[in-house]
Structures are given as C-alpha cells and as structure tokens.
Amino acid sequence: MPLHRLVVAVLLCAGLAVGAAGGSSASSSTTGSSTSLTVTLDPVEATALDWTTTATPTDLGEAITFSIEDGWAAHSSFWQVQLPSGDWLQLLSDGSVAVLRPWPTDGPVSADTPTTGAEPTASEGTSSASDGTEPGVSGELTATPDPDGVYYTDETVSTPSTDESMYAESGYSDPAALDGVSDTSAEADAKAAGSGDMSSDAQYSSDLEAVYDGANVAYPGADGLSALHDRLASLSGEIVAWLPAPTAVDAAGTSVPAWFSVYGDTITLTVDSGGWYDPNPYDSASPSESTTSSADPGYRYPYGYAYPLQASSEAIANPDANRAPRAEWPNLAPPSCPTLGRVSTHNPHGWNRLVNAFATWPATCTRYYTEIPGNTGPRGTPPCNKYKRTFASGRAEGIRARNSWPAVRRAQSRFAAAASFHWCSWGLNSTARVNVREIARQFRTNMYNAGFRVAAGDTWVIDELPETVRRNGTMRDRFELLVRYLYRPSTSFRPAPGIAWVQVEWPEKRLDKVDTITSATETIREYKASLKDWSADPTFFASVRPYVQLWGTEVYTTCRFACLSGATVAQKATRVNQYMQHHARLAFAPGAPNTALEEYFDASYLPFGNAFWRNSTYRTESLSAGQMMRLVSLQIFATRSWAHSHDYPDRRIGFAWNEQAGTDSEVKGLAKRIAVGLQGAYSYNGQARFACSSNSRVTDRRLCDSVAPAPDWHADWDVFGSWN
C-alpha cells in the first residue's frame, strides 16, 4: 500500500490547548521554546507543532501530550488536515475522530473465478508463510468420509411472506399471540396468559434449581467480537486512522472535560475553561474605568483547576489490509440493543422452513447466521469434491430478504447468510503444499459472485474443522493462515469475520471405553489430554480470535446420553451441559493456563446443538416428532440456564438442521419449536425457563421432559470441569 500523508498543523492562539498524534516512530527537536514532533503512522503521517510537547511510546505507537501551562493560554486548537483524495474526517458517536476511506466492493467479479473448482498447484506454495503459503495439497483431492453422511439437495428459496398460517397444522396456539417477549415477572406472565396461579410453574422452578439456580432474572451477557464488526460495518467507510476521544487532567489529577469537533478538514480540540472569577470586582456604575486600570491588568482568572493542564490522545492506524480491528476501535453499539444474541445453523438439506420460523418468531436483538452449503456434483461424487467450492446464485439474497419481515424489524434482529468453506473439499486435509491466501481469495470471490454481501452482514463458516487441527501443529498453522485471509484476502475485499465449527467426540464416549456406535479409538480420557494440549497453546487462540467471531463446537446431544425416564429436567439439563459446554468448561477450569482462550470463549464460544431429526449419524433415527421437540427444548433450556451463572455462552447457540426429516407438517412443527424456544430464552432479557414454552411466556415442563427408550446415562463428561 502506498504511503499516504496526513499532515496536522496546530494553529496556536496565545498557547496550545490540546493535540493528538501517534504511530510507530517519533522524532523531535527543540528550538527555543517550541518543540516540533513528527510521528509516522503507516499509511499516514502526522506532524504536530506546539510550545510544550512530549511523546511517550506505547504498544500502539506514540501517545502525544500537550500542556496548558496557565489560565492565560487558549483552550482550543485547530488542526488543518490534508487527506488523500477520497478520504474524509468523521466525528463518531463516542467522541472520537476517524479518517475514513470508501469501502471496496466485497471482491472483484473477474474471469479468473474458479467455476470448475480448480485448485492451486504445488508450485504456488513456494513462498514463505508470511506470503500466505505453507504445507498444503497438490494433485487430486482425497475422498474422505463425510461425517454428515448426507448430500445437500437444491431447493428454491421461497418468496418472503408474513403469512403465518403455514404453521397452523403444528398444533400450537395463534402465532400472533407469540409476538415479542415479556419483560415482566413470571406471575404477571401467567396472569397475562390466563393461568390465574403459578402453582405448576413454582413446582417447575424448584425442579430446575440445580441448573438454573432459582434465578428469574435476565443476564444479557457479553456482546462478543462480532458486535465490534457490526458497529464498524455501520460506518460509511473503512477506518484507516483513528483518534480516540481526548482526555485531560489538571496538575492535581482531576479530570478535565475535553472534546473534539469536526468541520470539513478541520479538527478542533477544546478543553473546558473551568469558569472564571474577578479578584477586584469593578463598580457597576463605571465598568470601563475598572477594566482599563493599569494597576490590575488581569482582572479575571480561571478557577477550579490546578495548572498546568495536560490533554492527550493517541493516533492509531490500520495499515495492514488483513489486520482485524483492534479492541480499541470505537464503540458504536445502538442503544436499543446493548448486546446481541447469535444463532448459527448447519443446513446440509436446506433451510427454508427453519428460517421462515425464525423470521416469524424472532428472538429480540439477535443475529441469525444461516449456513449455505456449496453446490453438489453428480450422484456418486465423493463428499470432498470441487463442486462444494462454488455456490448457487440467489440463496444469500433469499436469507437476507427475511430482514424485511415485520416481526424481524420489530425485534431489531437481522438475518445473514454464511457461505460454507468445506475444509477437505479445498484440499486442506492433505500434507502437500498449497497457497492458502489464493484459496481464500478464490473462495471470497466465489461468495461475491453468488450474491453474498459482507456489507449486508453475510460471512463465511468453516464447516467440520477436523480433529487434525486439534492434534497437529502444522494444521493449526494452516488454520491460522486460512482464517486471516478469509477475513480479508486483499484490499479489494471488505473485512469479514467468520465462524468455525469444530468436530468433537460424541457424548456416548466413555472414560476408558471406545464409542461402540462409531467404533472410535479415542476414549474421553485420551480426548481430554489432546484437548488440554490444544487449549494450552500459548498463541493459537489469541491469533485466530480477531478473525473468527464465533467458535462453534459440534456438541450434538443425544437422548442416549441425556434422556433418562424418571430423571428431573434439572438432572437432564446438567447432563446436557456436561457435554455441550465441555471445551469451555475446560478452558475456565481452575488451573487452566491459557487466559487468552478463556477471554476468547467468554466472547465467542457457541455450543452447537442437535436438531437433526431422523438420521442415524446424529442418533435421532428412532425419536418421534414429540420426542425430538422435547430434546431440542431441553438443549435450549440447558444452555441458557448455564449462561445465567457462567461467563459463557451468553446468548449464543447453534443447531444442525435436517429440512427433509419428515412430513411438511412435522418439519414445520419442529422448526417452530426451535424458533419459539429461542425467542423465549435467547431474546434480550429472555429467560431460560421459556425454552420450555409453547408461547414464549408460560413454561410447560413437558416440553423439556424428553424420554428415550435406550439411554446411556453416565457422567463421564463431568471430568472437563477440572484441568487435571
């Protein structure tokens, strides 16, 4: 990127008020009573001139401090800013000033788009890792078993509609009565629903005490990294340099009000004067005589602050096209949604009925990310194939079209499409050599050509991240490079923080016995040892955090593990959380060494539940429609209950979904059960007990009371609650 110059000239008026500059290097020289300071910020350069100027190195560059020596100095200064063509200044809502540059498109639509799935050759992977290459793949793709055991089939995206009669046959009450989520007490909710008393709900609450801690209060939870990207994407341009809102203190350490204002190419920084007093009040009958007296030329003096005052700011640049926003970027969260929930879905067989249900009964202040898989090849094509690298047009637009539905607008929620990056279909499971940056560029170009729009909230998801990333350091390095370049392959693309779904072991696995269902060779004890090694990696999770906004674990709960006849809902929910939260529980366990992983999971961990009905791979082939609904409700209740007393997973959850599981009526009924459960539990101010509700207001314990004929009731997964 060429070096641009940002020249800031401070116009002095009897003294300096305040200023800001910062960067990677600084030099200064003093002539007489003035100090000239030049600070380089690739890709901009700032120059400041003042009477009293100091520079202090920081992690981000140089913090520049200006002093106001006494009350006679001016308390405002003006910067004339010369910007590259097309850039502009913008005062942000938090008081900071950004240098903005117009966003690029999501990527070029070009003739070299890999419509046939051709992969980079081995010769493309000969440069250093800093150029985006490392050991990868060459030659033919390896056909490895697809864990889903299913193929995606094409479908037509339905025209958005507000008609809710499509769900009438599922046996639930009038959908119009389900709009919104009550913020009142449980008693008021019951009265509003006409129950008259809370006897059954009180009994239900006591039954949940072991999991829910008896709490009936909202816990909005952490916002997550993706909220930061949401705020930045709302700007009309990309931030290339940023001046945080200034701060000022007096000699006694008292905070002094200071603020920026912007007009055209001029930045004005003002420090509060602190007020004035007159030591020799003039006679009101002859004011001119007093104010012109040579014996007391000052007359009016500032009060309230101890001079000198010091005001400072720190200019921050974003020179690397692949660098994610720093945590210091401005907070532009809309006040109406202080935090945002996240719902992610895996949809190898389609998504229309589920997304329609979400849009009919949306959780408030929530972002829904719907995976769109790649294309399918002819029948008999191996699960890992070149066709999955490209996407049919029109599907992403169909997902985003739900944002116009009235219920979605009222809920202040949003729908976005997530393009599926299939790890093995891009050859990343091989040990040969590959150009990771070029793969990312091709994938993001394919997204754009198919109608995905990062500016509208669309993103990417890495589907089925294999266990080799957990076990193998080389594969970890490959993953780190991949997410960095999927985030932004070059300046031709907008930044796009993505999602990762990690394969994990099934819940039937035992401490000292292999899983007899999948014939796996790793016990829980061995799996935990491997997970500890990965979790203790001092750099991996800190490196990927800026680029992966949601870290999903494919923890598909089964009734064989959690649905024992006669057990209370609380006991079942406890068993569900032992499994669904196990990686985060290990990260937060006493003695865990990696604080970076703990901080990451606090903001990004997303347990991925099981709504994949009638499929032997997901252990749901023998469940009835009613049992599947209750299993889904149990998972929603358990995860939301856990969040009330833990730092994670806040309002984040995902589900694997089978659109082709049963009859139209059965699939719509299951879709509604998920949507209404999430609306009650995962809305802003939602409550866990409303996951077990047919109308998001009154709990019905039967909706979380799953029963299955062949439970595998064991507590071996509880070992993840301790590090050793």
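Only a predicted model underlies this, so the values are computations on that prediction, with no experimental measurement involved.

Quick notes on the pairing of strand S14 (residues 258–263)
Every other side chain in a regular strand lies on the same face of the sheet, so the side chains alternate between the two faces.
Alright, step 1. Sheet analysis places S14 next to strand S15 (residues 266–271), joined by six bridges and oriented antiparallel. Among the inter-strand pairings, Tyr263 is bridged to a residue of S15, identified as Thr266.
Alright, step 2. The turn linking S14 back onto S15 is made up of two residues, and Gly264 within it adopts a positive phi angle of 60°.

A few points about the state of the cysteines
Alright, step 1. Overall, the coordinates contain four disulfides when judged by the stated rule.
Alright, step 2. Note on cysteine connectivity: Cys559 is disulfide-linked to Cys563, with sulfurs 2.3 Å apart. Across the S-S bond of Cys559 and Cys563 the torsion is about -65°, and the bridge reads as left-handed.
Alright, step 3. Note on cysteine connectivity: Cys692 is disulfide-linked to Cys704, with sulfurs 1.8 Å apart. Every disulfide takes its handedness from the sign of the S-S torsion; for Cys692 and Cys704 that torsion is -90°, giving left-handed. Residue Cys692 is located in the segment after helix H19 (664–682), and its partner Cys704 is located in the segment after H19; the two are separated by twelve residues in the primary sequence. Note on accessibility: Cys692 and Cys704 belong to one class, buried.
Alright, step 4. The connectivity of the disulfide-linked cysteines in the protein chain, indexed sequentially, is 1-2, 3-4, 5-6, 7-8.

What about unusual backbone geometry?
Alright, step 1. Pro649 follows Tyr648 through a cis peptide bond whose omega is -5°.
Alright, step 2. Checked against the element boundaries, Pro649 lands in the loop between helix H18 (625–644) and strand S28 (652–657).
Alright, step 3. One non-glycine residue, Arg619, adopts positive backbone phi at about 60°.
Alright, step 4. One can find Arg619 in the loop between strand S27 (605–611) and H18.
Alright, step 5. What makes Arg619 buried here is its relative accessible area of 5%.

Digging into the packing of aromatic side chains
Alright, step 1. One pass over the full model with this rule turns up 36 aromatic pairs.
Alright, step 2. Aromatic pair Phe391 and Phe443: ring centres 5.8 Å apart, planes at 75°, arrangement edge-to-face. Within this pair, whereas Phe391 is found in the loop between strand S21 (366–372) and helix H7 (395–400), its partner Phe443 is found in helix H9 (residues 436–449), the two being separated by 52 residues in sequence.
Alright, step 3. Here Phe391 falls in the buried class, since its relative accessible area comes to 8%.
Alright, step 4. Using a relative accessible area of 0% as the deciding quantity, one classes Phe443 as buried.
Alright, step 5. When the centroid spacing of 6.3 Å and the interplanar angle of 55° are considered together, the rings of Trp642 and Tyr648 count as tilted.
Alright, step 6. What links up through ring pairs into an aromatic cluster is the set Trp423, Phe479, Trp534, Phe540, Phe541, Trp551, Phe588, Tyr600, Phe601, Tyr605, Trp642 and Tyr648.
Alright, step 7. Positioned over the ring face of Tyr448 is Arg453, at 3.9 Å from the centre of the ring.
Alright, step 8. When the ring centre of Trp506 is taken as origin, the NZ or CZ atom of Arg619, which lies over that ring, is 4.0 Å away.

So, the confidence of the model for the protein chain
Low pLDDT marks stretches whose predicted atomic positions should not be read closely.
Alright, step 1. For the protein chain, the average pLDDT comes to 73, and 65% of its residues sit at 70 or higher.
Alright, step 2. The low-confidence segment residues 109–222, where pLDDT is below 50, has 262 contacts with residues more than four positions distant or belonging to other chains.

Some remarks on the sheet that holds strand S26 (residues 548–553)
Alright, step 1. Taken in spatial order, the eight strands close into a barrel running S20-S21-S22-S24-S25-S26-S27-S28, and their pairing is parallel. Going from strand to strand, the sheet's axes swing by 25° on average, the running direction of each strand aside.
Alright, step 2. One ladder, built from five bridges, connects strand S20 (residues 341–346) with S28; its direction is parallel. Its bridge partner being in S28, His346 is matched across the sheet by Ala656.

Remarks on the nonpolar core
Alright, step 1. If you look at the biggest cluster of nonpolar residues, it comprises 113 residues, and the most contacted ones within it are Ile462, Phe479, Trp551 and Ile674.
Alright, step 2. Core analysis: the next-biggest nonpolar cluster, separate from the first, contains 18 residues, Ile68, Ala241, Val256 and Ala315 among them.

Quick notes on H19
Alright, step 1. The terminal C-alpha atoms of H19 lie 26 Å apart, and with 19 residues this matches the ideal 27 Å at 1.5 Å per residue to within 8%.
Alright, step 2. Within H19, 16 of the 19 residues are buried, which leaves it mostly tucked inside the rest of the structure.

Description of the packing of H9 against helix H11 (residues 473–487)
The geometry of a pair of packed helices is captured by two quantities: the angle between their axes and the separation between those axes.
Alright, step 1. Close contact between H9 and H11 brings their axes to 8 Å; oriented N to C, the two are set at 40°. It follows from the interaxial angle that H9 and H11 lie oblique. By crossing handedness, the relation of H9 to H11 is classed as right-handed. Residues Val436, Arg437, Ala440, Phe443 and Arg444 of H9 pack against Arg478, Leu481, Leu482, Tyr485, Leu486 and Tyr487 of H11.
Alright, step 2. When its residues are assigned to classes, the contact of H9 with H11 shows eight nonpolar, no polar and three charged.

Section: the pattern of salt bridges
Alright, step 1. Overall, the coordinates contain 24 salt bridges when judged by the stated rule.
Alright, step 2. Across the pair Arg470 and Glu522 runs a salt bridge whose closest N-O atoms are separated by 3.5 Å. With Arg470 in helix H10 (residues 467–471) and Glu522 in the loop between strand S25 (498–502) and helix H12 (524–535), this residue pair connects regions lying 52 residues apart in the sequence. Comparing Arg470 with Glu522, the two get one shared label, buried.
Alright, step 3. In this structure, Arg585 engages Asp718 in a salt bridge whose closest nitrogen and oxygen atoms are separated by 2.8 Å. Of the two residues, Arg585 sits in helix H16 (residues 582–588) while Asp718 sits in the segment after H19, which places them 133 residues apart along the sequence.
Alright, step 4. With relative accessibility at 8%, the residue Arg585 sits in the buried group.
Alright, step 5. Overall, the relative accessible area of 41% leaves Asp718 in the partly exposed class.
Alright, step 6. Bridged by salt links that share partners, the residues Glu467, Arg470, Arg471, Glu505, Lys509 and Glu522 form one connected network.

About the thresholds
- Residues numbered from 1 in each chain as written.
- Predicted model: local features only at pLDDT ≥ 70, side-chain atom pairs only at ≥ 80, totals over all residues.
- Heavy atoms only, no water.
- Pairing = 2+ DSSP bridges.
- Helix = DSSP H or I, 4+ residues; strand = E, 2+ residues; numbered from the N terminus.
- Disulfide = S-S within 2.5 Å.
- Buried < 20%, exposed > 50% of the residue type's maximum accessible area, 1.4 Å probe, protein only.
- Phe/Tyr/Trp six-rings, centres within 6.5 Å; stacked < 30°, edge-to-face > 60°.
- Lys NZ or Arg CZ within 6 Å of the ring centre and 35° of its normal.
- pLDDT = per-residue confidence, 0-100.
- Contact = heavy atoms within 4.5 Å.
- Axes fitted to C-alpha atoms, helices over the stretch in contact; angles between N-to-C directions.
- Core = buried A, V, L, I, M, F, W, Y, C linked by side-chain atoms within 4.5 Å.
- Expected span 1.5 Å × (residues − 1).
- Parallel < 35°, antiparallel > 145°, perpendicular 65-115°, else oblique.
- Left-handed = near helix turned anticlockwise from the far one by under 90°.
- Nonpolar A, V, L, I, M, F, W, Y, C, P; charged D, E, K, R; others polar.
- Salt bridge = Lys/Arg side-chain N within 4 Å of Asp/Glu carboxyl O.

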